[in-house]
Every structure is written in C-alpha cells, then in structure tokens.
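Residue strings, one per chain:
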Number of protein chains: 2
Amino acid sequence: MPENKKYNIEVRVWIEETEGAFLGIGKIWLLENIRKTGSITNAAKEMKMAYRQAWQLVEEMNQRAEKPLVEKLLGGKGGGGAKLTEAGEKAIAVFYEIEKRIKEFAQKETQNLKF
Amino acid sequence: MPENKKYNIEVRVWIEETEGAFLGIGKIWLLENIRKTGSITNAAKEMKMAYRQAWQLVEEMNQRAEKPLVEKLLGGKGGGGAKLTEAGEKAIAVFYEIEKRIKEFAQKETQNLKF
DNA sequence: CATCAGTATTCATTTCAAAACATACTGAAT
DNA sequence: ATTCAGTATGTTTTGAAATGAATACTGATG
C-alpha cells in the first residue's frame, strides 16, 4: 500500500470486572447526564435513550461497583431523582484520565501504520 | 471504592479510513482463515459466519485498502478460491503489532485504576 | 390525605443487522 | 458440453436488543 490514503488508529476503552464489562464510555455519558439533570428520567431523555435501559445500566453499575455510583432518591418533592455519589464522580474522572492516556499512546502509534 | 474487587482495562483497536472503520480484529480473523482454508466459503464455515457476510467484508476491505488484501479466483478447477495478497499478509502483521503495543500500554495503566 | 414527578417493573412492539435461503455466474479439467 | 466448487448477488427469515406503553410504588409538601 503506497500512501495516498490516510489511515488512523481508533481505540475503545472499557473497564472489566469478574462478571464482564463494567464501565465504558456509554455508561460514563449516562453518569454525566444524571449529574447534569438530577434524574435518570431526564438523563435518558437527554440521550434519547429509553428510561428502562438507562435504569438498568444504573442498576448494573451500582451492583458491580464496590460502592454505588448513583444514589437514587425515591418519592418526595418532585418524585425523587438521582445523583452521583463520590464514587460516581471519581469513576468519571478515573475513566477519562485512563482513556486519554491510552488514546494519546494509540495516536503516537499511528506513525507505525505503514502498509 | 476500597479494593477487594479487581478491575482491569480492556481495549479494542481498529484502523479507520476516511469512510469509517476499515480493519479490526474481526476482519483480521477472516483474513487468517482465508489464508488457512484457501477460500471465502471455507473461511466463513470455519468461523460459523454466513458466506454472504464474509464476502461483503472482503469486498469492503479490498475497496478501502490502497491495494486489495484478498485476491479472488473465479471458476476453474475447484471452482476458484481466495488467497491473501502481499498487502493482506502485511495488514495482518501490522495490525497485530500495533494492537499488541497498545494492549501492553493499556495493561500498564491498570495500576492507575484506583477508585 | 391528595398531588406530583420520578423510580421500579412487567409486557407487548418495533427495529435492524445477521443469517439463511435461493439462484446465477465463472472457467479449468475431463 | 458437462461437471464442479467457489464466487457473486438478490430476497426472505429470524432473533435479540432496544423501545414503547402500561401500571404500581414512593414520600416530601401543601
């Protein structure tokens, strides 16, 4: 392959736990939207995702993390809502940091991409 | 999150071209099976994949690479077949090399995985 | 004690990509 | 000129995952 075309390396990063995939960019976006909107319902709307799906992802995250990432508030004024725990905030930060480092490394590897 | 659970980082690597994803581990496996079996038909069987799908993947690869990765032989003794071109062989080697480096780097990052 | 908006949960419906099926086409070899 | 196995390509089926719709539950607040 001569080099009139340009190729570049893409990378998808996620965190696994004994039972399988635990935290990837999709769940991170969900966490961020929960932080932004204060509820799973509105986070889901924001992302044009079904509430049911969003709720399940939150369940999954919470069960598989050491400590819940999302605190859910039932009933009360405004019906309740959801907010990130400290662990949730930390998870976002850690994920992005690691993802950034890996993507930067991958970018450097692009120069080895000679067919 | 304290640390009784163990988490680890996973990474998926692929190569993009202007029109989108061009070459990932799935197509690499297909290439390897074509090399091994000498035809798209048998490579597909090996992978329990539909011939049609395998054929389409080969088309896509060939069109988006600078030079075809797979040479297809039509008719003749045994009906024809398919074999890797030099570019195809190179693609496998380059892909694995880059993937290996990125995965090793990602592995090192696991130690930064403190929640 | 009725309201309200969000959580929790079940069940039916849709979507859409992969697989399965069907059918021509190719060309060396006999 | 028939055979044969693989390529080429259109059409139909199917199955899993996402969505949508429906319903009960929660609890602070007025």
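Starting from 1, residues in each chain are numbered consecutively following that chain's sequence as written. Written order determines the labels here, with chains lettered from A and ligands numbered from 1. Per-residue local features of the predicted model are confined to residues with pLDDT of at least 70, and side-chain atom pairs are confined, for both listing and counting, to 80 or more; whole-chain, interface and lining totals are unaffected and use all residues. Water and hydrogen atoms were dropped before computing side-chain values, which therefore reflect all heavy atoms in the structure.

The name recorded for chain A in an unreviewed UniProt entry is LysR family transcriptional regulator, from Flavobacterium ginsenosidimutans.

**Student:** If you had to explain the protein's contact with DNA strand D to someone new, which residues and values would you point to?
**Tutor:** What makes a residue near a molecule or strand is one non-hydrogen atom of that residue sitting within 4 Å of it. In the vicinity of DNA strand D, 23 residues are found, and the nearest of them are A:Gly75, B:Thr41, B:Arg52, B:Trp55 and B:Gly79. Protein-adjacent atoms of DNA strand D, using a 4 Å cutoff, are sugar or phosphate at a proportion of 61%. Throughout this description, a polar contact denotes any pair of N or O atoms lying within 3.5 Å of each other; where both atoms belong to protein, one of them has to be capable of donating a hydrogen while the other can accept it, and for residues adjacent in sequence the pair is counted only when both atoms sit in side chains. The separation between a phosphate oxygen of DNA strand D and a polar main-chain atom of B:Ile40 is 2.8 Å. A distance of 3.4 Å separates a phosphate oxygen of DNA strand D from a polar side-chain atom of B:Asn42. Strands are runs of DSSP state E lasting at least 2 residues, helices are runs of H or I lasting at least 4, and numbering of each runs from the N terminus. Sorting the residues of the surface near DNA strand D by element identifies α3 (51-64) of chain A together with α2 (40-46), α3 (51-64), β3 (70-74) and β4 (80-84) of chain B as the ones contributing at least two each.

**Student:** How would you summarise the interface of chain A and chain B if you had to cite specific residues and measurements?
**Tutor:** With 38 residues of chain A at the interface, the matching set in chain B holds 38 residues. Note on chain A versus chain B: buried area summed over both sides is about 3,600 Å², and carbon and sulfur give 65% of it. Salt bridge, as used here: a side-chain nitrogen of Lys or Arg that lies within 4 Å of a carboxyl oxygen of Asp or Glu. On inspection of chain A and its partner chain B, the count reaches 4 salt bridges. Summed over the shared surface of chain A and chain B, the result is 17 residue pairs in polar contact (both at pLDDT 80 or more). Among the secondary structure elements, those contributing two or more residues to the side of chain A that touches chain B are β1 (8-17), α3 and α4 (86-109) of chain A. Broken down by element, the side of chain A that touches chain B gets its largest block of residues, 10 residues, from β1(A). A class-by-class count of the residues in the side of chain A that touches chain B yields 19 nonpolar, 5 polar and 14 charged. Bridge analysis of β1(A) against strand β1 (residues 8-17) of chain B gives 9 bridges, and the strand direction is antiparallel. Counted as the bridge partner of A:Glu16 is B:Asn8 from β1(B). We call two residues in contact when some of their heavy atoms are within 4.5 Å. By buried area we mean the combined loss of accessible area, with a 1.4 Å probe, across both parts when two parts are placed together. Charged means Asp, Glu, Lys or Arg here, nonpolar means Ala, Val, Leu, Ile, Met, Phe, Trp, Tyr, Cys or Pro, and polar covers whatever is left, Gly included. For two strands to be treated as a pair, DSSP must find no fewer than two bridges joining them.

**Student:** Residues and numbers for the environment of B:Ile25, please.
**Tutor:** All names here are of chain B. Looking at the element boundaries, Ile 25 is found in helix α1 (residues 25-37). Each residue gets one of three labels from its accessible area relative to the maximum for its type: buried under 20%, exposed over 50%, partly exposed in between, using a 1.4 Å probe on protein chains only. A relative accessible area of 12% places Ile 25 in the buried class. Distance in space between the C-alpha atoms of Ile 25 and Val 13 is 7.6 Å, their sequence separation being 12 residues. Residues contacting Ile 25, with those up to four places away along its chain left out, are Arg 12, Val 13, Phe 95, Tyr 96 and Glu 99.

**Student:** Now, about the packing of helix α1 (residues 25-37) of chain A against α4(A): what can you tell me, with residues and values included?
**Tutor:** All names here are of chain A. One way to put it is that α1 packs onto α4 with a least axis distance of 10 Å and a crossing angle of 135°. Considering the angle they form, α1 stands oblique to α4. Between α1 and α4 the crossing geometry is left-handed. Side by side, α1 and α4 meet where Ile 25, Ile 28, Trp 29, Leu 31, Glu 32 and Arg 35 of the first sit next to Gly 88, Glu 89, Ala 91, Ile 92, Phe 95, Tyr 96 and Glu 99 of the second. Its residues placed into classes, the contact of α1 with α4 shows 8 nonpolar, 1 polar and 4 charged. For helices, the fitted line uses only the C-alpha atoms of the stretch in contact; every axis is such a line through C-alpha atoms, and the angle between N-to-C directions lies from 0 to 180 degrees. For classification, angles of less than 35 degrees are called roughly parallel, those exceeding 145 degrees roughly antiparallel, those between 65 and 115 degrees roughly perpendicular, and all remaining angles oblique. Left-handed describes a crossing in which the near helix is turned anticlockwise from the far one by less than a right angle; the clockwise case is right-handed.

**Student:** I'd like a description of the packing of aromatic side chains, backed by residues and values.
**Tutor:** Only the six-membered ring of Trp is used, alongside the rings of Phe and Tyr, when aromatic pairs are assigned; centres must lie within 6.5 Å, and planes under 30 degrees apart are stacked while those over 60 apart are edge-to-face, with the rest tilted. Here the structure, examined in full by the defined rule, presents 5 aromatic pairs over all chains. Between A:Phe22 and B:Tyr7, the ring centres sit 5.0 Å apart and the planes meet at 35°, which makes this aromatic pair tilted. Of the two residues, A:Phe22 is situated in strand β2 (residues 20-23) and B:Tyr7 in the segment before β1; the pairing between them involves two chains. Of the two residues, A:Phe22 and B:Tyr7, both sit in the buried class. The interplanar angle of 70° and the centroid separation of 6.0 Å between the aromatic rings of B:Phe95 and B:Tyr96 together place this pair among those described as edge-to-face. The class for B:Tyr96 is partly exposed, based on a relative accessible area of 27%.

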